[in-house]
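Topology and contacts: notes
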Amino acid sequence: MKNISVIGAGTMGNGIAHVFAMNDYPVNLIDVSPSALDKALATIDKNLSRMVSKEKITEEVKTKSLANIQLHTTLPDAVRNADLVIEAATENESLKLTIFKELDESCQESTILATNTSSISITKIAGATSRPDKVIGMHFMNPVPVMKLVEVIRGYGTSDKVTADIMDLSKNINKIPVEVNDYPGFVSNRILMPMINEAIYSLYENVAGVEEIDTVMKLGMAHPMGPLQLADFVGLDVCLSIMYVLQNGFGDTKYRPCPLLINMVNAGYLGVKSGEGFYKYSSGSKELVLSDRFKK
Ligand code: 3HC
C-alpha cells in the first residue's frame, strides 16, 4: 500500500494526511472547499514546524512531508490510483453512505476503503459498497500527530487479509493499532463518552463544579485533561451524537445523554470550536478560563 487518499480536510483529515506524509506516503487530500484545503495545509505546516522546533523531525523531513501532499477538490481523479482511501468527512451517516457509494464506483477493485468515523457502523457503511470485505474502520485520535492509537474496526464482512494489512500499515506510520469489532461506539467511545456524560451529570446535579470535576480526574486518575475539558476539545455536539448512537444501539437508559449536554448543544456552546463550552477559548491563549456560566 503506497498511495493514500484522505477525504475531508478538517482536524482529523489534516492530522491523518500529516502522519502519512511524514512517513513517506504520497497523500491526496480531498475536500469540496478550497479554503478548507488551504487552511489544512497551513495547519500541517504549523504542526510540522512545531515538531522541528522540538527536534522531533528535521527541517528536511518537514519539506519532504509537505511535498508529499497534493490538494484536490473533486473525488474521482484523486482516488483513481489510491491503494487506500481514508474518509474523514463530517460525521453524518447519509453523507458517508453517499461518499462510499461514489468511492466504490471511482476506485480500483483492489482499493481498501477506510473510515475514520467515531461511531457510525462500519458494517452499515460497507453496505453502501459492493466490496464489504474491503471496508474497515481506522479510528484515529485527536490530535492525530500526537496520539499513538489507531482503533482498527472490523465490519461484519471485513476480511482477515484487509484487517492484517491495515494493522501493518498503522505500524508503518508509527502508530499502535488495536483490533476491535463493530458494535456501537466500538471500544474507545463506548467507554469515553459515558465517562464524559457522567462528568456532565455530576455538574448538572451539583456534585461539584467544572474545575473540581476536572481536577479530580486529572490529579486522581492521571488523565491529561479532565473530562469536561476533553468534551470541549472533542466538541459537545460530537459527544452528544455519540451518546445517541450508544442509546439507540444498546437501548439502555444508562446511555441517556445529560439534559445539560443537550441544552448546551442546542444553544451553540460546543466547546473549543465555538469559542465556549465548559471553558472559554480565545485563539493563541493556552490558559484555561472557566465559562462565566459555571462560575459560582
Ligand atoms: N501536532 C504535533 N504535535 C502536537 C500537536 C499537533 N497537533 N498538538 C500537541 N503537540 C505536541 C506538542 O508539541 C507537545 O510536544 P512535547 O511533549 O514534545 O513538548 C505535546 O504534543 C504536548 O502538547 P502541549 O505541550 O501543547 O500541551 P499538553 O501537554 O497540554 O498536551 C494534548 C496536549 C496532547 C492534547 C494532551 O492534553 C492530551 O493528551 N489530551 C487528551 C487528548 C485525548 O484524549 N484525545 C482523544 C480524544 S477522543 C477522540 O479523538 C476520539 C473521537 O472519536 C471523539
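1. Points about the overall build of the chain
Assigned secondary structure in the chain consists of 12 helices and 10 strands. Over its C-alpha trace the chain gives a radius of gyration of 19 Å, about what one expects of a compact globule, namely 19 Å for 296 residues. Overall size of the chain, expressed as C-alpha extent along the three principal axes, is 60 × 45 × 30 Å. When contacts within the chain are restricted to residue pairs at least 6 apart in sequence, long-range pairs at least 24 apart make up 64% of them. Working note: accessible area of the chain is about 14400 Å², and carbon and sulfur atoms make up 53% of it. Where the 29 positive side-chain charges of the chain centre and where its 34 negative ones centre are 3 Å apart.

2. Digging into the domain arrangement of the chain
Domain parsing of the chain yields domain 1 (4-181) and domain 2 (189-291). Centre-to-centre separation of domain 1 and domain 2, based on C-alpha positions: 26 Å. Between domain 1 and domain 2, the contact holds five residues from the first and five residues from the second. The contact between domain 1 and domain 2 buries some 430 Å² in all, and 53% of this surface belongs to carbon and sulfur atoms. It is Ser118, Ser119 and Asn142 in domain 1 that bury the most area against domain 2; as a group they hold 73% of the surface buried on that side. Applying the counting criterion to the domain 1 and domain 2 interface returns zero salt bridges. Across the domain 1-domain 2 interface, the total number found is one residue pair in polar contact (both at pLDDT 80 or more).

3. Structural notes on the packing of helix α8 (residues 188-204) against helix α11 (residues 236-250)
Axis separation between α8 and α11 bottoms out at 10 Å; the angle between their running directions is 115°. Classified by the interaxial angle, the pair formed by α8 and α11 is roughly perpendicular. Pair α8 / α11 crosses with left-handed handedness. Between α8, through Asn189, Arg190, Met193, Pro194, Ile196 and Asn197, and α11, the contact on the second element is made entirely by Cys239, Ile242, Met243, Leu246 and Phe250. Of the residues assigned to the contact of α8 with α11, the class counts are eight nonpolar, two polar and one charged.

4. As for the packing of aromatic side chains
This model, assessed by the stated rule, comprises four aromatic pairs. Measuring from ring centre to ring centre gives 5.5 Å for phenylalanine 20 and tyrosine 25, while their planes differ by 85°; the resulting arrangement is edge-to-face. Summarising the burial analysis for this pair, phenylalanine 20 and tyrosine 25 share the class buried. Plain terms: the ring middles of phenylalanine 278 and phenylalanine 294 are 5.5 Å apart, the flat faces sit at 40° to each other, and that makes the pair tilted. Taken together, the residues span a long stretch of sequence, with phenylalanine 278 in the loop between α12 (259-266) and β9 (279-280) and phenylalanine 294 in the segment after β10 (289-290) at a distance of 16 residues.

5. Quick look at the nonpolar core
With 36 residues, the main nonpolar core has Phe20, Leu84, Ile86, Met138, Phe140 and Ile166 as its most contacted residues. The contacts of methionine 138, once residues within four sequence positions are left out, are Phe20, Leu84, Ile86, Ala114, Thr115, Asn116, Val150, Glu151, Ile166, Leu169 and Ser170.

6. With respect to the sheet that holds strand β6 (residues 135-140)
Strands sit in the order β3-β2-β1-β4-β5-β6-β7-β8 across an open sheet of eight strands; the sheet is mixed. Looking at the sheet topology across the chains shown, the edges are occupied by β3 (69-72) and β8 (176-181). Sheet twist, expressed as the mean angle between neighbouring strand axes with direction ignored, is 25°. The strands touched by helix α5 (residues 93-106) within the sheet are β1 (4-7), β4 (84-87), β5 (112-115) and β6, with β5 carrying the most contacts at an inclination of about 165°. The sheet strands contacting helix α7 (residues 160-172) are β4, β5, β6, β7 (149-154) and β8, and the helix crosses β7 at an angle near 175°.

7. A look at the pairing of strand β2 (residues 27-30)
The sheet contact formed by β1 and β2 spans four bridges and is parallel. In the strand pairing of β2, valine 6 is matched with leucine 29. In the classification by handedness, the crossover that spans β1, the intervening helix α1 (residues 11-22) and the parallel β2 is right-handed. With four bridges joining them, β2 and β3 adopt parallel strand pairing.

Criteria and thresholds
One numbering rule holds for all chains: residues counted from 1, following each sequence as written. Under the rules for a predicted model, residues below a pLDDT of 70 receive no local features and side-chain atom pairs below 80 are neither given nor counted, while totals for whole chains, interfaces and linings still include all residues. Hydrogens and water molecules were not included; the side-chain quantities draw on all heavy atoms of the structure. Comment: elements are numbered from the N terminus, with helices defined as DSSP H or I runs of at least four residues and strands as E runs of at least two. Only the C-alpha atoms count toward the radius of gyration. The rule for a globule is 2.2 Å times the residue count to the power 0.38. Two residues qualify as a contact provided that any one of their heavy atoms is within 4.5 Å of a heavy atom in the partner residue. Using a 1.4 Å probe, the Shrake-Rupley method yields the accessible areas, and only the shown protein chains count as cover for residues. Counted charges follow a simple rule, with Lys and Arg positive, Asp and Glu negative, and His plus the chain ends left uncounted. Charge placement uses NZ in Lys and CZ in Arg. For Asp and Glu, CG and CD serve respectively. The source of the domain bounds is an automatic or database domain assignment. For any pair of parts, buried area is found by adding up, for both, the accessible area (1.4 Å probe) each one loses once the two are put together. For this analysis, a salt bridge means a side-chain nitrogen from Lys or Arg found within 4 Å of a carboxyl oxygen belonging to Asp or Glu. Whenever a nitrogen or oxygen atom comes within 3.5 Å of another N or O atom, the pair is scored as a polar contact, on the condition that within protein one atom can donate a hydrogen and the other can accept it, and that pairs from neighbouring residues in sequence are kept only if both atoms are in side chains. Only the contacting stretch of a helix is used when fitting its axis, a line to C-alpha atoms as for every element, and angles between N-to-C directions run 0 to 180 degrees. Each angle is binned into one of four classes, with values under 35 degrees roughly parallel, values over 145 roughly antiparallel, values of 65 to 115 roughly perpendicular, and all other values oblique. Left-handed describes a crossing in which the near helix is turned anticlockwise from the far one by less than a right angle; the clockwise case is right-handed. Put simply, Ala, Val, Leu, Ile, Met, Phe, Trp, Tyr, Cys and Pro go in the nonpolar bin, Asp, Glu, Lys and Arg in the charged bin, and everything else, Gly too, in the polar bin. Paired rings are identified among Phe, Tyr and Trp, the last through its six-membered ring, by centres lying within 6.5 Å, and are further divided according to the angle between planes into stacked (under 30 degrees), edge-to-face (over 60) and tilted (the rest). Accessibility here uses a 1.4 Å probe with only protein chains present; expressed as a share of the type maximum, an area under 20% marks a residue as buried, one over 50% as exposed, and anything in between as partly exposed. Put simply, buried Ala, Val, Leu, Ile, Met, Phe, Trp, Tyr and Cys residues joined by side-chain atoms within 4.5 Å make one nonpolar core. If DSSP finds at least two bridges between two strands, the strands pair. By convention, a crossover is right-handed whenever its connection, traced from the first strand over the helix to the second and viewed with the strands pointing away, goes clockwise.

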